[in-house]
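# Coordinates in review
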Amino acid sequence: MSIDTDIRQPGTNPQRVRDPMVVDDQNQQTFRVHRSAMTSPDVHRAEIERIFAHSWLYVGHESEIANPGDFVRRPVAGRPLFMVRGLKSGNINVFHNSCTHRGAMVCRQDRGTAKVFSCFYHAWSFDTEGNLKGVPDRDAYANGLDFSKLGLKRVERVESYRGFVFASFDADIVDLPTYLADAKEYLDLVIDGCGGSVELAKGTNEYSFSANWKLLVENSIDGYHAQSTHDTYFKYLVSIGTDLNGGVNGKAVSLGNGHAVIEYSAPWGRPVAKWEPLFGEEAREEIDRLRADLVHRYGAERAHKMAEVNRNLLIYPNLVINDIMAVTVRTFFPPAPDRVDVTAWQLAPRDEIDSLRQRRLDSFLTFLGPGGFATPDDVEALESCQQGYAGGGVEWNDISRGMARGPMANDEEQMREFWRRWQTQMGDAADLGGAR
Ligand code: FES
Ligand code: FE
């Protein structure tokens, strides 16, 4: 392995020359990533400090807490948080889930509705705006203790974009629309394609596997692997009468700030709004009606983009929206360099009729569910990569595909966008031997 090199010339101070883990060679049109980026505990530690502590991270969707007092509890970047709609304000409040007394988690259920969060340890209680309301034996405290300052601690920044709630632990981060850059336009396409008003269907997929989280980033926006890795699914589609002749065609687009998308046509159907045999004859009329409605509202060209074109959208660093044969919202976090925890939801039009919702959920689970046609194949591939890195016998991954042409959906420009941003944020921790 190549590491720091000391260049010593007589009479000069030693200079350290570092080799980067990401080598973006525009002259040779090659791009490679050193595999220690996927295995090093130092890199992992630096990612937590330099990336996850300084990005906008997806927390949840406003529809999950539609009414005052509704809450969801979830870890974000490994930190325990909960999100609650304030009873008085109606605002989305996101708090660190830790009692200001001595630390116990005050929100102990994954979801529900509450007027007050009472800590089970010594029974301090907080309202939905985070104010400390109840302290047993308050008289035992001296006057010096200011209870008004002991409310729940808010996450430093919280903003939402069209119902998608993000938080950041960095008080000085740019506002969310600036951060999202050109990814906003694609979020708009997804949401408007669902009729403009969306919700997360109840229920979540949660699973973990033994690979580095950045392999899942790559895989989530990788058109190149579809045909080979998911061969079984394509054979299944043929067996039920789907015409595969058109293949998978499209382009990759860098959206700035590490975000990227692949957009492509593909043989499968889409609940919004492209029928396929898998949905059954009886669904044809309703899906045609949805399509006509999109044309009416957005014009033929945009409606075509919404209905026919698939999108795998990465919002840096760890949110993926796969608008394909269903609309999956997926976020993930690495508790270790070789481990990733994934949570996924299904996005749907708010007032979707039951039969279509059923078809959407079937479609979601058939391909992207933890036991579906795709996810086990992908997990197998990513764990296999991680195992292949063991021992460091082969040092570099190649991510050059498509550098010499306008990037296609089955090229790797979308991954390069991610890696360039990763390298910028990591600074000297993305140098070989540089991570501390
Ligand atoms: Fe919550 Fe003591 S830790 S009341
Ligand atoms: Fe896949």
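Residues numbered from 1 in each chain as written. Chains lettered and ligands numbered in written order. Predicted model: local features only at pLDDT ≥ 70, side-chain atom pairs only at ≥ 80, totals over all residues. Heavy atoms only, no water.

## A short note on the coordination of the iron ion (ligand 2)
Around a metal, the perfect tetrahedron of four donors has angles of 109.5 degrees, and the perfect octahedron of six donors has angles of 90 or 180 degrees. Protein coordination of the iron ion (ligand 2) is provided by His225 (NE2), His230 (NE2), Asp378 (OD) and Asp378 (OD), with donor distances spanning 2.1 to 2.4 Å. Its four donor atoms give the iron ion (ligand 2) angles of 56 to 141° at the centre, a pattern that matches the irregular case. Ordering the donors of the iron ion (ligand 2) by residue number gives the pattern H-x4-H-x147-D. Of this pair, histidine 225 sits in the loop between helix 5 (213-220) and helix 6 (226-229) while aspartate 378 sits in helix 11 (residues 375-389); the two residues are 153 residues apart in sequence, bridging distant segments of the chain. In terms of burial, histidine 225 and aspartate 378 fall into one category: buried. (Donors = N, O, S within 2.8 Å, 3.2 Å for Na, K, Ca; no water. Tetrahedral: all angles 85-135°; square planar, octahedral: opposite > 155°, others 65-115°. Helix = DSSP H or I, 4+ residues; strand = E, 2+ residues; numbered from the N terminus. Buried < 20%, exposed > 50% of the residue type's maximum accessible area, 1.4 Å probe, protein only.)

## Here's the deal with the pairing of strand 19 (residues 310-315)
The buried fraction of strand 19 is high, at six of six residues. The side-chain alternation of strand 19 yields two buried faces, one formed by Asn310, Asn312 and Leu314 and the other by Arg311, Leu313 and Ile315. Bridge analysis of strand 18 (residues 259-265) against strand 19 gives five bridges, and the strand direction is antiparallel. Along strand 19, the bridge assignment pairs glutamate 263 with arginine 311. Across five bridges, strand 19 lies against strand 20 (residues 319-323) in antiparallel orientation. Residue pairing in the sheet places leucine 314 in a bridge with valine 320 of strand 20. In this structure, the hairpin formed by strand 19 and strand 20 is closed by a connection of three residues. (Pairing = 2+ DSSP bridges.)

## Quick word on the packing of helix 4 (residues 183-193) against helix 9 (residues 300-308)
Helix-helix packing is characterised by the crossing angle of the two axes and by the distance between the axes. Close contact between helix 4 and helix 9 brings their axes to 9 Å; oriented N to C, the two are set at 85°. Judged on the interaxial angle alone, helix 9 and helix 4 are roughly perpendicular. For the pair helix 4 and helix 9, the contacting residues are Asp188, Leu189, Asp192 and Gly193 in the first and Arg302, Lys305 and Met306 in the second. Partitioning the contact of helix 4 with helix 9 into residue classes produces two nonpolar, one polar and four charged. (Axes fitted to C-alpha atoms, helices over the stretch in contact; angles between N-to-C directions. Parallel < 35°, antiparallel > 145°, perpendicular 65-115°, else oblique. Contact = heavy atoms within 4.5 Å. Nonpolar A, V, L, I, M, F, W, Y, C, P; charged D, E, K, R; others polar.)

## So, the pattern of salt bridges
Counted according to the given criterion, the structure contains 29 salt bridges. Between aspartate 110 and arginine 73 there is a salt bridge, with the nearest N and O atoms lying 3.0 Å from each other. Taken together, the residues span a long stretch of sequence, with aspartate 110 in the loop between strand 8 (92-96) and strand 9 (111-113) and arginine 73 in strand 6 (residues 70-76) at a distance of 37 residues. Arginine 401 is the salt-bridge partner of aspartate 411, the closest N and O atoms lying 3.4 Å from each other. (Salt bridge = Lys/Arg side-chain N within 4 Å of Asp/Glu carboxyl O.)

## Let's talk about the packing of aromatic side chains
The final tally for this structure, using the stated rule, is 25 aromatic pairs. Plain terms: the ring middles of tryptophan 213 and phenylalanine 418 are 5.8 Å apart, the flat faces sit at 85° to each other, and that makes the pair edge-to-face. Of the two residues, tryptophan 213 sits in helix 5 while phenylalanine 418 sits in helix 12 (residues 413-426), which places them 205 residues apart along the sequence. Take tryptophan 213 and phenylalanine 418: they sit in the same class, and that class is buried. (Phe/Tyr/Trp six-rings, centres within 6.5 Å; stacked < 30°, edge-to-face > 60°.)

These results come straight from atomic positions and should not be treated as a statement about function.
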